[in-house]
Amino acid sequence: MSDMHLFSLVSTVVAVFGISLGVTLPAIAMGWAVSRAMDALSRQPEAERSIMRTLFIGLAMIESLVIYVLVVVLIVLFRNPLLEFMVQ
């Protein structure tokens, strides 16, 4: 197996591992945040507007992390600058 094939294989394995962690952990965090928001709503229904606003801002921040992970993984898979360095 050449160095190029080995590097491609390792890049693919790391990308799969990265996307699996990058999707699983934020999904757990989103579930936890929604659960806590529902708990807060059941305790103080009059604070619904502020709780929901804060929840949606937090969920958007968590979701942006997933998008960043996806972008980095796609760069590693399809436009890895180290592969060009190894070819030369």
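Enquirer: Quick question: what am I supposed to make of helix α1 (residues 3-43) here?
Expert: Given 3.6 residues to a turn, an α-helix orients residues that are three or four positions apart in the same direction. Here α1 spans 60 Å end to end across 41 residues, near enough to the 60 Å set by a 1.5 Å rise per residue. Considered for burial, the residues of α1 that qualify are S11, A15, G22, P26, A37 and L41. Those residues of α1 hidden inside the fold are in contact with α2 (48-78).

Enquirer: Which parts of the structure should I look at to understand the nonpolar core?
Expert: One broad rule of soluble globular proteins: the nonpolar side chains tend to lie buried together. Among the nonpolar cores identified, the biggest contains six residues, and these are A37, L41, A47, I51, L55 and L59. Mapped by element, the contributors of at least two residues to this core are α1 and α2. With three residues, the top contributor of residues to this core is α2. In this view, L41 contacts E48, I51 and M52; residues no more than four positions away in its chain are not counted.

Conventions and cut-offs
- Residues numbered from 1 in each chain as written.
- Predicted model: local features only at pLDDT ≥ 70, side-chain atom pairs only at ≥ 80, totals over all residues.
- Heavy atoms only, no water.
- Helix = DSSP H or I, 4+ residues; strand = E, 2+ residues; numbered from the N terminus.
- Expected span 1.5 Å × (residues − 1).
- Buried < 20%, exposed > 50% of the residue type's maximum accessible area, 1.4 Å probe, protein only.
- Contact = heavy atoms within 4.5 Å.
- Core = buried A, V, L, I, M, F, W, Y, C linked by side-chain atoms within 4.5 Å.

Worth remembering: the numbers are spatial, not functional.
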